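Below are the chains, spelled out letter by letter.
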Amino acid sequence: MPLARTVVKDLAAEHGACQRPVQLRRTNIDTGHIEQVLIPCGHTLAAVCPPCAERARLLRAAQCREGWHLDREPVIEPDPATAEQQATVTDRAEVQADRDALAAEGLDTAELDERIGELDQQITDAGIRGNVLPARPRRHRSTKRRQDAAQLPRRPVSARTVGKTYTAPDGTTFRPSLFVTLTCPSYGKVTSDGTPVNSDGYDYPRAARDALHFAALFDRFVQNLRRFTGYDLQYFAAIEPQRRLAPHVHIAIRGTISRAELREVIAATYHQVWWPSTQTVRYDGGQLPVWDEHTGTYLDPATGEVLPTWDQALDAIGEEDEPLHVARFGDRFDAQGVLAGSTDASRCIGYLTKYLTKHVGDCHQAATDAQAAHAGRLADALRYEPCSPTCANWLRYGIQPKNPRPNLRPGCCKGKAHRREYLGYAGRRVLVSRKWSGKTLADHRADRKTWLTDMLGLPATDPSRYTWEPVKPGDPDHMPPGQRLLHVVADRIQWQTALDQARRRATGPELPATGRAA
(Lines give C-alpha, C1' and ligand atoms only; values in the text may rest on other atoms or scores of the structure.)
Protein backbone atom coordinates (compact mmCIF):
# COMPACT_ATOMS: atom_id res chain seq x y z
CA MET A 1 0.00 0.00 0.00
CA PRO A 2 1.46 3.41 -0.94
CA LEU A 3 2.09 5.90 1.84
CA ALA A 4 -0.34 8.84 1.79
CA ARG A 5 2.31 11.53 2.20
CA THR A 6 4.38 9.98 -0.57
CA VAL A 7 1.36 10.07 -2.90
CA VAL A 8 0.84 13.76 -2.11
CA LYS A 9 4.51 14.55 -2.82
CA ASP A 10 4.38 12.59 -6.06
CA LEU A 11 1.27 14.53 -7.11
CA ALA A 12 3.00 17.79 -6.26
CA ALA A 13 6.01 16.82 -8.38
CA GLU A 14 3.77 15.70 -11.25
CA HIS A 15 1.94 19.03 -11.34
CA GLY A 16 5.04 21.15 -10.70
CA ALA A 17 3.96 22.26 -7.21
CA CYS A 18 6.50 23.23 -4.56
CA GLN A 19 7.05 20.50 -1.99
CA ARG A 20 8.04 22.94 0.76
CA PRO A 21 5.62 25.88 0.39
CA VAL A 22 6.11 28.89 2.64
CA GLN A 23 3.05 30.32 4.39
CA LEU A 24 2.68 34.10 4.48
CA ARG A 25 -0.03 36.35 5.85
CA ARG A 26 -1.10 39.07 3.39
CA THR A 27 -3.00 42.12 4.67
CA ASN A 28 -4.80 44.59 2.42
CA ILE A 29 -3.88 48.06 3.66
CA ASP A 30 -7.06 49.65 2.28
CA THR A 31 -9.64 47.15 3.55
CA GLY A 32 -7.78 45.36 6.33
CA HIS A 33 -8.67 41.98 4.81
CA ILE A 34 -6.24 39.20 5.83
CA GLU A 35 -5.63 36.07 3.79
CA GLN A 36 -3.18 33.19 3.81
CA VAL A 37 -0.86 32.86 0.81
CA LEU A 38 1.41 29.90 0.03
CA ILE A 39 4.47 30.73 -2.05
CA PRO A 40 7.13 28.36 -3.47
CA CYS A 41 10.30 27.91 -1.44
CA GLY A 42 12.39 28.81 -4.51
CA HIS A 43 15.18 26.33 -3.76
CA THR A 44 17.55 25.62 -6.64
CA LEU A 45 18.61 22.10 -5.62
CA ALA A 46 16.59 19.14 -6.87
CA ALA A 47 17.53 17.17 -3.75
CA VAL A 48 15.56 19.69 -1.68
CA CYS A 49 12.62 20.64 -3.92
CA PRO A 50 12.60 19.19 -7.47
CA PRO A 51 9.77 21.38 -8.89
CA CYS A 52 11.32 24.66 -7.68
CA ALA A 53 14.77 23.59 -8.88
CA GLU A 54 13.40 22.71 -12.31
CA ARG A 55 11.62 26.07 -12.58
CA ALA A 56 14.85 27.85 -11.67
CA ARG A 57 16.75 25.85 -14.31
CA LEU A 58 14.19 26.63 -17.01
CA LEU A 59 14.27 30.30 -16.05
CA ARG A 60 18.04 30.33 -16.52
CA ALA A 61 17.62 28.61 -19.88
CA ALA A 62 15.18 31.33 -20.97
CA GLN A 63 17.61 34.01 -19.79
CA CYS A 64 20.41 32.40 -21.81
CA ARG A 65 18.26 32.03 -24.93
CA GLU A 66 16.99 35.62 -24.85
CA GLY A 67 20.40 37.28 -24.65
CA TRP A 68 22.58 34.96 -26.73
CA HIS A 69 21.77 36.24 -30.23
CA LEU A 70 20.61 39.80 -29.62
CA ASP A 71 20.75 41.93 -32.76
CA ARG A 72 20.27 45.23 -30.95
CA GLU A 73 22.00 46.93 -28.06
CA PRO A 74 20.22 46.26 -24.74
CA VAL A 75 18.92 49.40 -23.06
CA ILE A 76 19.90 49.59 -19.40
CA GLU A 77 18.86 52.83 -17.72
CA PRO A 78 18.95 52.92 -13.91
CA ASP A 79 15.98 54.48 -12.18
CA PRO A 80 16.55 58.04 -10.90
CA ALA A 81 17.38 58.31 -7.22
CA THR A 82 14.43 58.87 -4.94
CA ALA A 83 14.22 61.71 -2.42
CA GLU A 84 14.96 59.26 0.39
CA GLN A 85 18.06 57.93 -1.38
CA GLN A 86 19.32 61.46 -2.08
CA ALA A 87 18.79 62.43 1.56
CA THR A 88 20.78 59.43 2.76
CA VAL A 89 23.71 60.23 0.44
CA THR A 90 23.56 63.89 1.58
CA ASP A 91 23.92 62.81 5.21
CA ARG A 92 26.84 60.61 4.16
CA ALA A 93 28.56 63.57 2.47
CA GLU A 94 28.16 65.83 5.53
CA VAL A 95 29.52 63.21 7.94
CA GLN A 96 32.46 62.51 5.63
CA ALA A 97 33.33 66.23 5.55
CA ASP A 98 33.21 66.44 9.35
CA ARG A 99 35.32 63.29 9.68
CA ASP A 100 38.01 64.58 7.28
CA ALA A 101 38.14 67.91 9.16
CA LEU A 102 38.81 66.12 12.46
CA ALA A 103 41.42 63.88 10.83
CA ALA A 104 43.24 66.92 9.42
CA GLU A 105 43.54 68.31 12.97
CA GLY A 106 44.77 64.98 14.34
CA LEU A 107 41.67 64.35 16.47
CA ASP A 108 39.88 61.09 17.17
CA THR A 109 37.44 60.07 14.40
CA ALA A 110 36.18 56.76 15.87
CA GLU A 111 32.64 58.06 16.50
CA LEU A 112 32.27 59.49 13.01
CA ASP A 113 33.77 56.33 11.47
CA GLU A 114 31.07 54.32 13.19
CA ARG A 115 28.43 56.73 11.90
CA ILE A 116 29.84 56.41 8.37
CA GLY A 117 29.51 52.63 8.58
CA GLU A 118 25.86 52.98 9.60
CA LEU A 119 25.14 55.39 6.74
CA ASP A 120 26.83 53.09 4.21
CA GLN A 121 24.52 50.31 5.34
CA GLN A 122 21.52 52.65 5.05
CA ILE A 123 22.58 53.52 1.50
CA THR A 124 22.63 49.83 0.61
CA ASP A 125 19.28 49.22 2.30
CA ALA A 126 17.79 52.14 0.37
CA GLY A 127 18.37 50.28 -2.89
CA ILE A 128 21.56 51.95 -4.15
CA ARG A 129 24.13 49.67 -5.78
CA GLY A 130 27.82 49.96 -4.93
CA ASN A 131 29.74 51.92 -2.32
CA VAL A 132 30.41 55.64 -2.08
CA LEU A 133 34.02 54.98 -1.06
CA PRO A 134 36.02 51.73 -0.83
CA ALA A 135 36.18 50.21 2.63
CA ARG A 136 39.97 50.54 2.65
CA PRO A 137 42.66 51.72 0.22
CA ARG A 138 43.27 49.24 -2.55
CA ARG A 139 46.58 47.39 -2.43
CA HIS A 140 48.43 47.71 -5.73
CA ARG A 141 50.73 45.11 -7.23
CA SER A 142 52.98 45.37 -10.24
CA THR A 143 51.05 45.14 -13.51
CA LYS A 144 54.09 43.88 -15.41
CA ARG A 145 53.23 40.70 -17.27
CA ARG A 146 54.89 37.45 -16.32
CA GLN A 147 57.80 36.34 -18.49
CA ASP A 148 56.22 32.89 -18.95
CA ALA A 149 52.94 34.32 -20.30
CA ALA A 150 52.28 35.29 -23.90
CA GLN A 151 51.88 38.94 -24.76
CA LEU A 152 48.33 40.07 -25.48
CA PRO A 153 47.46 42.95 -27.82
CA ARG A 154 45.28 45.52 -26.12
CA ARG A 155 42.65 47.58 -27.93
CA PRO A 156 40.32 50.28 -26.65
CA VAL A 157 37.02 48.68 -25.63
CA SER A 158 33.97 50.23 -27.30
CA ALA A 159 30.47 50.19 -25.83
CA ARG A 160 29.20 47.79 -28.52
CA THR A 161 27.85 44.48 -27.19
CA VAL A 162 26.38 42.75 -30.27
CA GLY A 163 28.49 40.60 -32.59
CA LYS A 164 29.35 41.15 -36.23
CA THR A 165 26.92 40.54 -39.07
CA TYR A 166 28.05 38.31 -41.94
CA THR A 167 26.64 38.21 -45.47
CA ALA A 168 26.53 34.98 -47.50
CA PRO A 169 27.16 34.96 -51.28
CA ASP A 170 23.40 34.72 -51.87
CA GLY A 171 22.83 37.91 -49.86
CA THR A 172 21.57 36.20 -46.70
CA THR A 173 22.75 37.90 -43.51
CA PHE A 174 23.36 36.09 -40.25
CA ARG A 175 24.88 36.89 -36.88
CA PRO A 176 26.49 33.77 -35.31
CA SER A 177 27.61 33.42 -31.72
CA LEU A 178 29.99 31.10 -29.88
CA PHE A 179 29.78 28.21 -27.44
CA VAL A 180 33.14 27.77 -25.69
CA THR A 181 34.32 25.24 -23.11
CA LEU A 182 37.45 25.94 -21.03
CA THR A 183 39.13 23.42 -18.73
CA CYS A 184 41.84 23.32 -16.08
CA PRO A 185 45.35 22.07 -16.93
CA SER A 186 46.49 18.50 -16.34
CA TYR A 187 47.54 17.43 -12.85
CA GLY A 188 48.51 13.93 -13.91
CA LYS A 189 47.35 11.25 -16.29
CA VAL A 190 43.84 9.93 -15.58
CA THR A 191 41.81 6.93 -16.72
CA SER A 192 38.47 6.96 -18.52
CA ASP A 193 36.58 7.17 -15.19
CA GLY A 194 38.49 10.30 -14.12
CA THR A 195 40.74 8.66 -11.52
CA PRO A 196 44.52 9.15 -11.59
CA VAL A 197 46.72 6.48 -13.12
CA ASN A 198 49.26 7.22 -10.37
CA SER A 199 47.63 8.81 -7.34
CA ASP A 200 51.00 9.54 -5.71
CA GLY A 201 52.09 11.56 -8.74
CA TYR A 202 48.81 13.45 -9.11
CA ASP A 203 49.20 17.12 -8.16
CA TYR A 204 46.33 17.45 -5.68
CA PRO A 205 47.57 20.72 -4.06
CA ARG A 206 47.60 22.46 -7.44
CA ALA A 207 44.20 21.01 -8.32
CA ALA A 208 42.79 22.33 -5.03
CA ARG A 209 44.19 25.82 -5.58
CA ASP A 210 42.98 25.99 -9.17
CA ALA A 211 39.47 25.10 -7.99
CA LEU A 212 39.58 27.75 -5.23
CA HIS A 213 40.57 30.51 -7.66
CA PHE A 214 38.73 29.34 -10.77
CA ALA A 215 36.17 32.17 -10.65
CA ALA A 216 38.91 34.84 -10.51
CA LEU A 217 40.68 33.18 -13.45
CA PHE A 218 37.45 33.28 -15.47
CA ASP A 219 37.02 36.99 -14.71
CA ARG A 220 40.56 37.61 -15.97
CA PHE A 221 39.80 35.67 -19.16
CA VAL A 222 36.72 37.80 -19.88
CA GLN A 223 38.72 40.98 -19.23
CA ASN A 224 41.45 39.88 -21.64
CA LEU A 225 38.90 38.80 -24.24
CA ARG A 226 37.23 42.21 -24.17
CA ARG A 227 40.55 43.98 -24.52
CA PHE A 228 41.54 41.71 -27.39
CA THR A 229 38.26 41.97 -29.34
CA GLY A 230 37.78 45.68 -28.67
CA TYR A 231 34.12 45.57 -27.66
CA ASP A 232 32.07 44.94 -24.50
CA LEU A 233 31.75 41.20 -25.03
CA GLN A 234 28.77 39.60 -23.24
CA TYR A 235 28.59 36.07 -21.86
CA PHE A 236 26.43 33.52 -20.05
CA ALA A 237 28.56 30.88 -18.32
CA ALA A 238 27.94 27.85 -16.12
CA ILE A 239 30.51 26.09 -13.91
CA GLU A 240 30.48 22.32 -13.51
CA PRO A 241 33.06 19.60 -12.75
CA GLN A 242 34.73 17.24 -15.16
CA ARG A 243 34.83 13.55 -14.39
CA ARG A 244 38.29 14.07 -12.85
CA LEU A 245 36.53 16.57 -10.47
CA ALA A 246 38.36 19.62 -11.83
CA PRO A 247 36.07 22.58 -12.65
CA HIS A 248 35.43 23.62 -16.23
CA VAL A 249 33.18 26.28 -17.69
CA HIS A 250 30.71 26.35 -20.58
CA ILE A 251 30.36 29.86 -22.03
CA ALA A 252 27.75 31.24 -24.42
CA ILE A 253 29.41 34.28 -26.03
CA ARG A 254 27.54 36.84 -28.09
CA GLY A 255 29.50 37.36 -31.29
CA THR A 256 32.36 35.36 -32.80
CA ILE A 257 36.11 35.05 -32.43
CA SER A 258 38.36 32.65 -34.31
CA ARG A 259 39.90 29.56 -32.71
CA ALA A 260 43.39 30.94 -33.25
CA GLU A 261 42.49 34.17 -31.44
CA LEU A 262 40.84 32.23 -28.61
CA ARG A 263 43.97 30.12 -28.23
CA GLU A 264 46.03 33.30 -28.07
CA VAL A 265 43.84 34.82 -25.34
CA ILE A 266 43.82 31.60 -23.31
CA ALA A 267 47.61 31.35 -23.46
CA ALA A 268 47.94 34.93 -22.25
CA THR A 269 45.43 34.59 -19.39
CA TYR A 270 46.56 33.90 -15.84
CA HIS A 271 45.58 34.92 -12.31
CA GLN A 272 48.20 35.56 -9.62
CA VAL A 273 47.21 35.01 -6.00
CA TRP A 274 49.21 37.44 -3.88
CA TRP A 275 48.71 35.81 -0.50
CA PRO A 276 51.27 34.98 2.22
CA SER A 277 53.32 31.85 1.76
CA THR A 278 52.04 28.52 3.08
CA GLN A 279 55.25 26.55 2.65
CA THR A 280 56.04 26.42 6.38
CA VAL A 281 53.56 24.94 8.87
CA ARG A 282 54.11 26.68 12.20
CA TYR A 283 51.24 25.34 14.29
CA ASP A 284 49.73 21.90 14.12
CA GLY A 285 48.11 19.31 16.36
CA GLY A 286 47.66 20.53 19.95
CA GLN A 287 50.01 23.50 19.64
CA LEU A 288 47.66 26.10 18.17
CA PRO A 289 47.54 29.89 18.56
CA VAL A 290 45.61 31.18 21.58
CA TRP A 291 42.88 33.84 21.40
CA ASP A 292 43.40 36.86 23.66
CA GLU A 293 40.13 38.44 24.75
CA HIS A 294 41.72 41.75 25.79
CA THR A 295 43.46 42.55 22.51
CA GLY A 296 41.18 40.58 20.18
CA THR A 297 44.16 38.86 18.57
CA TYR A 298 45.79 35.44 18.42
CA LEU A 299 49.01 34.79 20.36
CA ASP A 300 51.83 32.29 20.09
CA PRO A 301 51.07 29.55 22.68
CA ALA A 302 54.73 29.36 23.79
CA THR A 303 56.00 32.95 23.72
CA GLY A 304 52.77 34.94 23.95
CA GLU A 305 53.74 37.08 20.97
CA VAL A 306 50.98 38.50 18.80
CA LEU A 307 50.79 36.81 15.41
CA PRO A 308 51.16 39.03 12.34
CA THR A 309 47.86 40.45 11.15
CA TRP A 310 46.56 39.90 7.64
CA ASP A 311 47.63 43.38 6.50
CA GLN A 312 51.07 42.96 8.02
CA ALA A 313 51.50 39.61 6.25
CA LEU A 314 50.57 41.21 2.92
CA ASP A 315 52.94 44.13 3.54
CA ALA A 316 55.75 41.63 4.09
CA ILE A 317 55.43 40.33 0.52
CA GLY A 318 58.28 42.03 -1.34
CA GLU A 319 58.76 42.82 -4.99
CA GLU A 320 61.16 39.89 -5.38
CA ASP A 321 58.70 37.37 -3.90
CA GLU A 322 56.61 35.05 -6.01
CA PRO A 323 52.80 34.81 -5.76
CA LEU A 324 51.34 31.99 -3.70
CA HIS A 325 49.70 30.50 -6.80
CA VAL A 326 49.34 31.22 -10.50
CA ALA A 327 46.13 29.83 -12.01
CA ARG A 328 45.84 29.11 -15.73
CA PHE A 329 43.48 27.33 -18.09
CA GLY A 330 44.51 24.16 -19.84
CA ASP A 331 45.62 24.04 -23.46
CA ARG A 332 42.58 22.03 -24.52
CA PHE A 333 39.38 23.94 -25.27
CA ASP A 334 36.35 23.61 -27.49
CA ALA A 335 34.64 26.32 -29.54
CA GLN A 336 31.80 26.09 -32.02
CA GLY A 337 29.66 28.62 -33.87
CA VAL A 338 25.94 28.63 -33.12
CA LEU A 339 23.09 30.26 -35.04
CA ALA A 340 19.95 31.61 -33.41
CA GLY A 341 17.02 29.19 -33.32
CA SER A 342 19.06 26.20 -34.47
CA THR A 343 19.08 22.76 -32.87
CA ASP A 344 22.70 23.39 -31.87
CA ALA A 345 21.56 26.41 -29.86
CA SER A 346 19.02 24.33 -27.92
CA ARG A 347 21.59 21.60 -27.35
CA CYS A 348 24.19 24.06 -26.03
CA ILE A 349 21.66 25.68 -23.70
CA GLY A 350 20.95 22.19 -22.40
CA TYR A 351 24.67 21.77 -21.66
CA LEU A 352 24.76 25.11 -19.88
CA THR A 353 21.84 24.30 -17.57
CA LYS A 354 22.23 20.53 -17.24
CA TYR A 355 23.72 20.41 -13.75
CA LEU A 356 22.34 23.62 -12.22
CA THR A 357 19.96 21.67 -9.99
CA LYS A 358 22.82 19.78 -8.30
CA HIS A 359 25.76 20.59 -6.08
CA VAL A 360 29.11 20.65 -7.87
CA GLY A 361 30.17 17.49 -6.07
CA ASP A 362 26.93 15.68 -6.92
CA CYS A 363 27.25 16.03 -10.69
CA HIS A 364 29.41 12.91 -10.88
CA GLN A 365 28.65 10.30 -8.23
CA ALA A 366 31.47 7.99 -7.17
CA ALA A 367 30.58 4.55 -8.57
CA THR A 368 33.86 2.78 -7.76
CA ASP A 369 36.29 2.67 -4.85
CA ALA A 370 38.91 4.42 -6.98
CA GLN A 371 36.56 7.34 -7.66
CA ALA A 372 35.66 7.62 -3.96
CA ALA A 373 39.34 7.56 -3.02
CA HIS A 374 40.11 10.25 -5.60
CA ALA A 375 37.38 12.51 -4.18
CA GLY A 376 38.68 11.86 -0.66
CA ARG A 377 42.24 12.84 -1.55
CA LEU A 378 41.03 16.06 -3.15
CA ALA A 379 38.99 16.85 -0.02
CA ASP A 380 42.09 16.22 2.11
CA ALA A 381 44.09 18.64 -0.05
CA LEU A 382 41.39 21.27 0.40
CA ARG A 383 41.12 20.85 4.17
CA TYR A 384 44.15 22.95 5.13
CA GLU A 385 44.33 25.10 1.99
CA PRO A 386 43.32 28.72 2.75
CA CYS A 387 40.12 29.50 0.86
CA SER A 388 39.94 33.26 1.53
CA PRO A 389 41.62 35.99 3.61
CA THR A 390 39.22 35.20 6.47
CA CYS A 391 39.94 31.44 6.43
CA ALA A 392 40.90 29.86 9.77
CA ASN A 393 43.68 27.87 8.05
CA TRP A 394 45.96 30.92 8.11
CA LEU A 395 46.57 30.23 11.81
CA ARG A 396 48.30 27.01 10.75
CA TYR A 397 50.93 29.13 8.99
CA GLY A 398 51.36 31.68 11.79
CA ILE A 399 49.14 34.44 10.35
CA GLN A 400 45.98 35.92 11.77
CA PRO A 401 43.06 35.76 9.33
CA LYS A 402 41.42 38.94 8.19
CA ASN A 403 38.82 40.09 10.76
CA PRO A 404 39.83 37.46 13.36
CA ARG A 405 37.38 36.08 15.89
CA PRO A 406 37.59 33.53 18.69
CA ASN A 407 37.30 29.75 18.29
CA LEU A 408 39.01 29.59 14.90
CA ARG A 409 40.78 26.28 14.31
CA PRO A 410 42.86 25.20 11.28
CA GLY A 411 41.23 22.43 9.30
CA CYS A 412 37.77 23.40 10.56
CA CYS A 413 36.98 26.38 8.33
CA LYS A 414 33.24 26.63 7.62
CA GLY A 415 33.76 28.03 4.14
CA LYS A 416 31.86 26.25 1.37
CA ALA A 417 35.04 25.54 -0.57
CA HIS A 418 36.18 23.00 2.04
CA ARG A 419 32.97 20.95 1.87
CA ARG A 420 32.92 17.84 -0.29
CA GLU A 421 29.81 18.88 -2.23
CA TYR A 422 31.61 21.98 -3.60
CA LEU A 423 34.98 20.41 -4.61
CA GLY A 424 36.83 23.63 -3.83
CA TYR A 425 34.65 25.87 -6.01
CA ALA A 426 32.48 28.07 -3.79
CA GLY A 427 31.48 30.76 -6.31
CA ARG A 428 28.25 31.22 -8.24
CA ARG A 429 27.31 28.44 -10.63
CA VAL A 430 25.92 30.83 -13.26
CA LEU A 431 27.99 33.85 -14.34
CA VAL A 432 26.13 36.37 -16.49
CA SER A 433 27.42 39.69 -17.81
CA ARG A 434 25.44 42.79 -16.94
CA LYS A 435 24.32 43.57 -20.50
CA TRP A 436 23.47 40.03 -21.53
CA SER A 437 19.73 40.46 -22.06
CA GLY A 438 19.17 43.91 -20.56
CA LYS A 439 17.15 42.26 -17.78
CA THR A 440 17.79 40.81 -14.38
CA LEU A 441 16.59 37.37 -13.36
CA ALA A 442 13.74 39.09 -11.50
CA ASP A 443 12.74 40.84 -14.74
CA HIS A 444 12.59 37.48 -16.57
CA ARG A 445 10.48 36.08 -13.75
CA ALA A 446 8.17 39.11 -13.95
CA ASP A 447 7.77 38.59 -17.72
CA ARG A 448 6.71 35.05 -17.03
CA LYS A 449 4.18 36.17 -14.43
CA THR A 450 2.80 38.84 -16.78
CA TRP A 451 2.32 36.26 -19.54
CA LEU A 452 0.46 33.96 -17.16
CA THR A 453 -1.87 36.65 -15.79
CA ASP A 454 -2.64 37.85 -19.32
CA MET A 455 -3.47 34.30 -20.44
CA LEU A 456 -5.75 33.71 -17.47
CA GLY A 457 -7.28 37.19 -17.64
CA LEU A 458 -6.30 38.02 -14.05
CA PRO A 459 -6.10 41.68 -12.99
CA ALA A 460 -2.72 43.10 -12.07
CA THR A 461 -2.18 43.63 -8.35
CA ASP A 462 -0.56 46.67 -6.76
CA PRO A 463 2.18 45.47 -4.37
CA SER A 464 2.01 48.69 -2.36
CA ARG A 465 -1.54 47.82 -1.26
CA TYR A 466 -0.41 44.84 0.80
CA THR A 467 1.80 44.06 3.75
CA TRP A 468 3.38 40.64 4.18
CA GLU A 469 4.51 38.75 7.25
CA PRO A 470 5.53 35.11 7.83
CA VAL A 471 3.19 32.79 9.68
CA LYS A 472 5.04 31.24 12.62
CA PRO A 473 4.38 27.74 14.00
CA GLY A 474 2.80 29.12 17.17
CA ASP A 475 0.25 31.29 15.35
CA PRO A 476 -3.41 30.14 15.35
CA ASP A 477 -3.62 30.23 11.54
CA HIS A 478 -0.44 28.22 11.00
CA MET A 479 -0.82 25.24 8.65
CA PRO A 480 1.25 22.09 9.18
CA PRO A 481 3.44 20.98 6.24
CA GLY A 482 0.99 18.30 5.11
CA GLN A 483 -1.91 20.73 4.95
CA ARG A 484 0.15 23.26 3.01
CA LEU A 485 1.14 20.59 0.52
CA LEU A 486 -2.49 19.60 -0.02
CA HIS A 487 -3.41 23.22 -0.68
CA VAL A 488 -0.68 23.77 -3.27
CA VAL A 489 -1.58 20.54 -5.10
CA ALA A 490 -5.24 21.61 -5.32
CA ASP A 491 -4.28 25.14 -6.41
CA ARG A 492 -1.83 23.83 -8.98
CA ILE A 493 -4.40 21.55 -10.58
CA GLN A 494 -6.89 24.41 -10.69
CA TRP A 495 -4.37 26.76 -12.32
CA GLN A 496 -3.32 24.15 -14.86
CA THR A 497 -6.96 23.52 -15.81
CA ALA A 498 -7.59 27.25 -16.22
CA LEU A 499 -4.44 27.60 -18.33
CA ASP A 500 -5.47 24.72 -20.60
CA GLN A 501 -8.85 26.35 -21.13
CA ALA A 502 -7.21 29.69 -21.91
CA ARG A 503 -4.94 28.01 -24.46
CA ARG A 504 -7.90 26.51 -26.23
CA ARG A 505 -9.58 29.92 -26.38
CA ALA A 506 -6.49 31.71 -27.65
CA THR A 507 -4.40 29.86 -30.22
CA GLY A 508 -1.90 32.68 -30.74
CA PRO A 509 0.27 32.93 -27.60
CA GLU A 510 2.58 30.08 -26.75
CA LEU A 511 3.96 29.03 -23.39
CA PRO A 512 7.31 30.74 -22.71
CA ALA A 513 10.50 28.73 -22.77
CA THR A 514 10.47 28.59 -18.97
CA GLY A 515 8.03 25.66 -19.03
CA ARG A 516 5.08 25.19 -16.70
CA ALA A 517 3.17 28.10 -15.27
CA ALA A 518 4.59 29.47 -12.03
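Structure: see above.
Positions within a chain are numbered from 1, following the residues in the order the chain's sequence is written. Local features in a predicted model are, by the rule used here, given only for residues with pLDDT of at least 70; side-chain atom pairs are given and counted only at 80 or more, and totals for whole chains, interfaces and linings are based on all residues. Computation of side-chain values covers all heavy atoms of the structure but excludes hydrogens and water.

> Looking at this model, I keep getting lost on the environment of His-33. Mind explaining?
Secondary structure elements follow DSSP: runs of H or I no shorter than four residues count as helices, runs of E no shorter than two count as strands, and numbering proceeds from the N terminus. Turning to its location among the elements, His-33 is positioned in the loop between strand S1 (22-28) and strand S2 (34-39). Through-space distance from the C-alpha of His-33 to that of Tyr-466 is 9.6 Å; in sequence the pair is 433 residues apart. Not counting residues up to four positions away in its chain, the partners in contact with His-33 are Arg-26, Thr-27 and Asn-28. It only takes one pair of heavy atoms within 4.5 Å for two residues to be counted as in contact.

> I would appreciate a short explanation of the packing of aromatic side chains in the present structure.
Any two aromatic rings considered together are summarised by their centre-to-centre distance and by the angle between their planes. Here a pair means two rings of Phe, Tyr or Trp (six-membered ring of Trp) with centres within 6.5 Å. Their orientation is stacked below 30 degrees between planes, edge-to-face above 60, and tilted elsewhere. Scanning the entire structure with this criterion turns up 13 aromatic pairs. In our convention, an over-ring charge means Lys NZ or Arg CZ found within 6 Å of a ring centre and within 35 degrees of that ring's normal. Against the face of Tyr-466 rests Arg-26, its NZ or CZ located 4.4 Å from the ring centre. Above the face of the Trp-436 ring, Arg-254 is positioned so that its terminal group lies 5.3 Å from the ring centre.

> Would you explain the packing of helix H6 (residues 214-229) against helix H7 (residues 259-268) in this entry?
Working note: a packed helix pair is described by the angle between its axes plus the distance between those axes. Orientation is described by lines fitted to C-alpha atoms, with helices fitted over the stretch in contact, and by angles between N-to-C directions that extend from 0 to 180 degrees. Two elements in contact, H6 and H7, have axes separated by 10 Å at closest approach and are oriented at 130°. Between H6 and H7, the crossing angle belongs to the class labelled oblique. Where H6 crosses over H7, the two elements pack in a sense that is right-handed. Residues Phe-221, Asn-224, Leu-225 and Phe-228 of H6 touch H7, and the partners they reach there are Glu-261, Leu-262, Glu-264, Val-265, Ile-266 and Ala-268. Only Asp, Glu, Lys and Arg are considered charged, only Ala, Val, Leu, Ile, Met, Phe, Trp, Tyr, Cys and Pro nonpolar, and every remaining residue, Gly among them, polar. Tallied by class, residues from the contact of H6 with H7 come to seven nonpolar, one polar and two charged. We call two directions roughly parallel when the angle between them is under 35 degrees, roughly antiparallel when it is over 145, roughly perpendicular when it lies between 65 and 115, and oblique otherwise. Definitions for this section: a left-handed crossing has its near helix turned counterclockwise from the far helix by less than a right angle. A right-handed crossing has that turn clockwise.

> Help me understand the sheet that holds strand S7 (residues 247-253), please; the structure alone is not making it clear to me.
Backbone-to-backbone hydrogen bonds join strands into a sheet, with any given pair of strands oriented parallel or antiparallel. Strand pairing is defined by DSSP finding a minimum of two bridges between the two strands. Pairing in this open sheet of five strands is antiparallel, and the strands run S12-S5-S7-S6-S13 from one edge to the other. Two strands close off the open sheet at either side, each with one partner strand: strand S12 (333-338) and strand S13 (430-432). Taken pair by pair, the neighbouring strands of this sheet meet at an average axis angle of 15°, ignoring direction. As paired strands, strand S5 (residues 177-182) and S12 are joined by six bridges and run antiparallel to one another. When the sheet's bridge partners are listed, Thr-181 is paired in S12 with Asp-334.

> Got a minute to help me understand the pattern of salt bridges in this structure?
One side chain can pair with another of opposite charge once the charged atoms of both are near each other. Any Lys or Arg side-chain nitrogen found within 4 Å of a carboxyl oxygen on Asp or Glu counts as a salt bridge. The tally for this structure, following the rule as stated, stands at 23 salt bridges. Taking the shortest distance from any N to any O, the salt bridge between Arg-25 and Glu-469 comes out at 3.2 Å. Note that Arg-25 is positioned in strand S1 and Glu-469 in strand S14 (residues 466-470), a separation of 444 residues in sequence. Buried residues are those whose accessible area, probed at 1.4 Å on protein chains only, stays under 20% of the maximum for their type, while exposed residues exceed 50% and partly exposed ones sit between those limits. With relative accessibility at 11%, the residue Arg-25 sits in the buried group. Between Glu-421 and Arg-419 there is a salt bridge, with its nearest N and O atoms 2.9 Å apart. Each of Arg-25, Glu-469, Asp-475 and Asp-477 takes part in salt bridges that share partners, so that together they form one network.

> I tried to follow the sheet that holds S2 on my own but got confused; where do I start?
Judged by pairing direction, the sheet is antiparallel, and its three strands sit side by side in the order S2-S1-S14 without closing on themselves. Across the chains shown, the open sheet's two edge strands, defined by having one partner strand only, are S2 and S14. Between one strand axis and the next, the sheet turns by 30° as a mean value, whatever way the strands run. Two elements, S1 and S2, share six bridges in a ladder whose sense is antiparallel. Counted as the bridge partner of Arg-25 is Gln-36 from S2.

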